[in-house]
Amino acid sequence: MTHTFPRPGERHLSVERRSVAGACPECGAEQLAEYRVLGDGGWFDVRKCQACLASVSREPAPPFGSYLPLGLRIAREQRT
Amino acid sequence: MLGVDVGGTFTDVVSVRDGRIEVTKVASDPADPAAPVLAGARRLGLDGATVFNHASTMGLNAVITRTLPKVAFLTTEGHRDILDRGRIWRPPARQSDTSWRRSFGDVARPLVPRYLRRGISERLLADGSLRLPLDEEQARGQLGVLKRCEVEGVAVCLLNAYVDPVHELQLRELVQETLGGDVAVSISSETSPLAKEYARASTTVVDVFMKLIFTGYAHALDEGLREAGFAGELNFADCAATLLPWDEALEKPFRIVFAGPAAGTRSGAHLGEALGDRNLVCCDVGGTSTDVSLVVDGAPFVDNTFELEHDLVINALSTEISSVGAGGGSIVSISHSGDVVVGPGSAGSDPGPACYGRGGARPTVTDAALLMGILDPDAFAGGALRLDELRAHEAFESLDTPLAFEERVGFAFRIAAANIAEEVTNVILRRGGDPRDFTLLAYGAAGPMLLPAALDLLHVRRVVVPPHPGNFSALGLLSSDLVYYDSRSAYVPLFPESAPRIEAVFEEMERGLSRRAGREGEVRRSFDGRLFGQSWETPFVQVPDGPIDVAVLVERFHETYERRYGNRFPYIPVQGVSYRVELRVPSEKIGFAPCEPGGVAAPPRTIELRHFGAEPIEAAEYERSALPAGARVAGPAVIREGLATTLVAPGQTAEVGSLGELVIEAAA
Amino acid sequence: MIRDLSPAEFDQRYGCDRFTATVLTNRFGYVVEHMCARLLTSAFSPILRDFYDFAATITGPPAVGWPTPAMSASIVLFTGTMADSVRNSVEEYGVDRLGPGDVIVANDPYRNGTHVNDLLFVRPVFHEGELAGFVNMKAHQLDMGGVVPAGFSIAKKNVYENGLVLSPRALYRGGEPVPDTWSLIFDNVRFGEILAPDMLSIVAELELGERLLAETIERYGAAAVHGAMAYACDAAAERMTAALEAVPDGTWVGEDLIDCDAAGDDEEYRVRVTVTKRGGRAEVDFSGTSRQARTCINATPLDAKTTVGIAFKYLFDPEGWFTSGAMRAVDLVIPEGTVVSALPPDGAVFAYWEQSQVMLSAVLRALAQGVGEAAIAGDRGSADIHSATGVRPDGSPWISAAQVGGEIGAYGGNRHGDADTQMLSYQANGIGVAVESVESEVPVVVLRHEPLPDTAGAGYNRGGASMLRDTLWLAPAQHHLMSLRYKRAPGFGVHGGGDGATGGIWITEDGDETHVAGMDEGVYRYPYRRPFWETGPGAMLRYVTAAGGGWGDPFEREPERVLRDVRDGYVTVAGAARDYGVVVTGDPEQDPEGIAVDREATERLRSAR
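Residues numbered from 1 in each chain as written. Chains lettered and ligands numbered in written order. Predicted model: local features only at pLDDT ≥ 70, side-chain atom pairs only at ≥ 80, totals over all residues.

A separate point is the overall build of chain B. Of the regular secondary structure elements, chain B holds 17 helices and 35 strands. Considering only C-alpha atoms, chain B reaches an extent of 80 × 55 × 50 Å along its principal axes. Residues counted as buried form 54% of the 668 residues belonging to chain B. Relative to all contacts within chain B whose residues are 6 or more apart in sequence, the contacts with residues 24 or more apart total 66%. (Helix = DSSP H or I, 4+ residues; strand = E, 2+ residues; numbered from the N terminus. Buried ≥ 20, exposed ≤ 12 C-beta atoms within 10 Å, placed from the backbone. Contact = placed C-beta atoms within 7 Å.)

This is the structure in structure tokens:
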């Protein structure tokens, strides 16, 4: 059960946007992608149009993004 | 006795003779400011008058409009930019406003441009020891530059000169030698020998300006008054509206830079004393803004500094006054989201509200009050101006909003009242008070009309409209004592062994004061101290009479700290920073005439008030002078007098008190 | 658009009429201001009173989606963190566990943003037994444990050195203090007797805020109050969207850097942002940003949210209280493990504000390419905090913290005019300390503190100048530095304006000058080659801050304004010709009113460019 986040090996880091099929309901462009954002209301896993930035879907992501405190994880896993 | 308040547009003169109050208004004349004052005084008569008390906005106006003589600033070499720096901070509410600049900074409108701020080679340290003697040769070189620039005055503030004036005295001699005896000079060690260089420097600069502005004026005024037969005392009010004999005021004229609104608070304290009401929040609602100040425990809440503009601080004792951009002339507009917004813009007195008919096209709070029926178009400002309802109507019609007409008007009036209510609450909380312990005093032309409408938002005990609400501020000039005062700094830890040093500081100041006053008076000592580790001082810790007992000073400090800030830190040592002595000489003051009690009020006229709700409502209209003490008026009602109209909202009652004051409360 | 709603539609959407919504929006702002006004008078600590290192907010209940309709005008660095951290803290603690009179505290930067010294206090407000909202404060505490007293160091390597981390927990339950929490804090922090009254004051301000909000709900009803919260956020969102729509679409990249961390000068830390704007929406992607640093100069995603929010507010909606709605139009995309999204235990976060400075530079550089005249030039880019400690001859210790280093510096120019030279930085505000006050407490003499000519970024509107401060140390001293941006000018110019000068630190002792920090003929002088700098009596320390950038073409600047700068010593005669193409004659030092613009020569110089 690791709880440390090692320092990344790469000097510079990037977010990968996964292209997905489909057209934007707002502008019609077939440029949808999925990735995680921080916005009003916290972190979301979104599917967004890369042409007009309209969100096709916004699913709430974990509250601290990629960080999960070990204590919370233990508490969750040990809960009966 | 007479009081005169010289404003930018008008000069108000008030005379009280055998309890009778007379008022006159003359147009101010910036070119010859003494002339209208004398004209007004002659009109009301000077015979037998014992005092002539003077307040003005002349000093402040000259500074904020930068209508200033050419003055130089001399300081320790390497430090001439203290005047550009101020205390650094931006107004918190303007932090995301990229148009904000320090108003007195070098890229905006400095009081003294950088090239007239010159460094002098010299240095004293904080303990008074000499680091570098004053280099006279170098100083003469700098003064040569100022001579070429033909400056009219010189302000001198050297670092640590509050500890030892030796270099400032030396420099003043050099200034007079090089620039001649006519040039006005102030040195910080005399003008305001308090620690912290920025406020001392700006105080000294403002002092030189005020010498150049007030000296000739005060002499002309004194001479003119004597010629007109005045045989009493001419006094100037300072920023806390205490009075100084005019020649004493001219010794350190930075103290009289501004004295208008403080007089209102002084008046409030004086009335409060007569009414037995010791905690007041004073609201002077004028055309462009509302001045909010406090009377706490019977005395105006005074600060040890005064800000002429944001962070343009001088070491003048001043009544703390917060200004809200909401008054009768505040402009009503519609926000991006469709909100009705009142202020901060104002139509001022020219062109004024749309209903003045002087070309103002944008709706204002006064226009709303007129359309609501609160103001009488034929009896505004004592009938001096007829208000035009049609123009007020057009102005509100012109707003770009889907809101119905009656909503625009009603919202505007109530939002103006709500804005003032929020600021009143903030002023009280900032001073550690609870609104429920305060009486709100409503004056100024628009105060009695707007403030009762805010009563339900305010949570104050009650609203009181004083007698003469339109002239209430000016009456404060006839409600004060004469006070001679002095102050200086010395960082002294309050340990028992410090007593002789503190005693010496007080005694030296007291000797100087009795020499200047040349008469007996009540002497009061106080000091500003701080807890070790703090960067700010807690002002006005009262020092008891008799030999200095440091333990008592420490206890008094903790008491004052707790009263002012709500906490007590008895285990943290205290440091004395500034010491102050005042010599108070009682002066003649106005008395409030008791109002005759009487029976039922005269049968009122009935008028129609609009836009309070969907339907017009009927309201009783009273003449204030016809209301005897003890009379009760149930809202909705309006009570009219020469310069003001009081609104008693539906659900409120007004009762006439023993001195003619109107006490407004929410009906139980 | 909200302004086009009919009265019925408005009521339907916001549970009250327009007038009530306006009054309540104002009320929310005043409730947070009232809380701050009281804390400002009652706080013991200068960091709260002089530097406003605190903020107050109101939050709506979970049932209406946690809106934050008002945030106090105090420290802007907390702006973007509050809405998320209140929601996250309450959810982690458990909404169901809350009752009247509770206070929840939390301080974990990876959950809440900023640093461990900033303690978040949350108080639920109940109405008729229902959770009706929260009043909150976050305030800097003098100490939170860790290896450095007060925490001010950029050398701490991990969370263990950094200080006590508090996950959300109750400080009060039902109005009663919870001893476990108080003990956890006071068993681990220094200066407890100073922290305690500050914390008690904060709790008192929460009670005031609760009372004011409860009275408001009592009077207007919960539906109207919650509706008005939504209204305030919607109105802010609409203003932002409308402002964005007015800017042409585009994609712009901006980047800036921090020189090093305290573990070595072998790695620079870059923040890169790609700002994409389409219609009324925007996205700020931090891809390309450096991995987290090895010492505590990192920040967290909520700090990134703050900075993006501030940049957008500066440019697009400068008036009014900040609300959570302001960020509705803007998404941030942030890779994990970067300097702006560091992770425990080694991605230590303390000097987050230095990273906020770099983020702001990067975002403003990117936006400058899209907003035309509205572009804002860079400020001096760092807080440049210096501290020194020592022992007096009588054995008593002294400390000088953030008093006489590079704390005071320039802003950048913008369309509204030249920039002030003596400020803190874009994201900081506070009361500067008086020289006489410092000299009475610390064995130091401030020899000079003034702008350096020809350093300000030239422009039609110029930036503020570099500030030089020389201090003479009368007693032996240890100097601790927090200067991270001397390699590249942080005061970038915009809209054709020039960059400001870079800064540096020097120590002169017994006639020998050491270049402690900054660029020295192309070579970077790394200030953390020593853990601290020791000096003996009589040493002189020199700080030169970076200058602000200019706005607009300096050759378009009116010659009269250049002349005024020459007269006032901000620009030399040579600088006027070189940087502004203005030829000034005469001797500005000896005969300042005798100098003049040589019009013909100026014309020639300007047209020859």
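Let's shift gears to the pairing of strand 9 (residues 269–278) of chain C. Residues and elements named next belong to chain C. Relative to strand 9, strand 8 (residues 250–258) runs antiparallel, the two sharing 9 bridges. Bridge pairing in strand 9 links Gly250 to Lys277. Judged from the 5 bridges that link them, strand 9 and strand 10 (residues 281–285) form a sheet pairing that is antiparallel. Residue Arg278 lies in a different strand from strand 10, and its bridge partner there is Arg281. (Pairing = 2+ DSSP bridges.)

On to the interface of chain B and chain C. Taken together, the contacts link 62 residues of chain B with 71 residues of chain C. Of all the secondary structure elements, the ones that give two or more residues to the side of chain B that touches chain C are helix 3 (82–85), helix 4 (136–148), helix 7 (197–227) and helix 12 (405–430) of chain B. Broken down by element, the side of chain B that touches chain C gets its largest block of residues, 9 residues, from helix 12 of chain B. Residues of the side of chain B that touches chain C, tallied by class, amount to 26 nonpolar, 18 polar and 18 charged. (Nonpolar A, V, L, I, M, F, W, Y, C, P; charged D, E, K, R; others polar.)

Right, let's talk about the packing of helix 10 (residues 301–316) of chain C against helix 11 (residues 352–371) of chain C for a bit. Residue and element names in this part refer to chain C. At a minimum axis distance of 9 Å, the contact between helix 10 and helix 11 shows a crossing angle of 40°. One element, helix 10, and the other, helix 11, form an angle in the oblique class. Both helix 10 and helix 11 take part in a crossing whose hand is right-handed. Contacts between helix 10 and helix 11 involve Asp303, Ala304, Thr306, Thr307, Val308, Ile310, Ala311 and Leu315 from the first element and Tyr352, Gln355, Ser356, Met359, Leu360, Val363, Leu364, Leu367 and Val371 from the second. Considering only residue class, the contact of helix 10 with helix 11 consists of 12 nonpolar, 4 polar and 1 charged. (Axes fitted to C-alpha atoms, helices over the stretch in contact; angles between N-to-C directions. Parallel < 35°, antiparallel > 145°, perpendicular 65-115°, else oblique. Left-handed = near helix turned anticlockwise from the far one by under 90°.)

The subject of this paragraph is the confidence of the model for chain B. Averaged over every residue, the pLDDT of chain B is 92; the share at 70 or more is 99%. For this predicted complex, the interface confidence score (ipTM) comes to 0.97, while the overall pTM stands at 0.94. (pLDDT = per-residue confidence, 0-100.)

This part takes up helix 4 of chain B. Residue and element names in this part refer to chain B. The end-to-end C-alpha distance of helix 4, which contains 13 residues, comes to 18 Å, matching closely the 18 Å that a straight helix rising 1.5 Å per residue would cover. When we look at burial in helix 4, the residues that qualify are Ala139, Gln142, Leu143 and Leu146. Down the axis, helix 4 shows its buried residues gathered within 100° of arc, on one side only. Check the buried side of helix 4 and you find it contacts strand 5 (71–76), strand 6 (117–120), strand 9 (153–157) and helix 5 (166–179). (Expected span 1.5 Å × (residues − 1). Arc of directions from axis to C-beta.)

All names here are of chain C. Close contact between helix 8 (residues 192–220) and helix 9 (residues 222–245) brings their axes to 6 Å; oriented N to C, the two are set at 115°. Where helix 8 approaches helix 9, its residues Thr216, Ile217 and Tyr220 are matched on the opposing element by Ala222, Ala224 and Val225. Taken together, the residues of the contact of helix 8 with helix 9 break down into 5 nonpolar, 1 polar and no charged.

Attention now goes to the interface of chain C and chain A. Contacts between the two partners involve 39 residues from chain C and, on the opposite side, 25 residues from chain A. For the side of chain C that touches chain A, the elements supplying multiple residues, two or more each, are helix 4 (82–93), helix 5 (109–112), strand 9, strand 10, strand 11 (289–290), helix 10 and strand 12 (330–333) of chain C. Among the residues making up the side of chain C that touches chain A, the classes are represented as 11 nonpolar, 13 polar and 15 charged. Direction of pairing for strand 1 (residues 12–13) of chain A relative to strand 11 of chain C: antiparallel, over a ladder of 2 bridges.

By size, the foremost hydrophobic cluster in this structure holds 411 residues, and its most contacted members are Val154, Val281, Cys283, Ala412, Ile420 and Leu440 of chain B together with Val363 of chain C. In terms of residues, this core owes the most to one element, helix 12 of chain B, which gives 14 residues. Other than its neighbours up to four places away in sequence, Val363 of chain C contacts Gly254, Val273, Val275, Val284, Thr307, Val308 and Ala311 of chain C. (Core = buried A, V, L, I, M, F, W, Y, C linked by C-beta atoms within 7 Å.)

Right, let's talk about the sheet that holds strand 15 (residues 444–451) of chain C for a bit. Residues and elements named next belong to chain C. Strands sit in the order 15-16-22-18-19-20 across an open sheet of 6 strands; the sheet is antiparallel. Bordering the open sheet on either side are strand 15 and strand 20 (523–525), each of which pairs with just one other strand. Between one strand and the next, the sheet's axes are offset by a mean angle of 25°, whatever the strand orientation. Two elements, strand 19 (residues 512–520) and strand 20, share 3 bridges in a ladder whose sense is antiparallel. Opposite Met519, over in strand 20, you have Tyr524 as the bridge partner.

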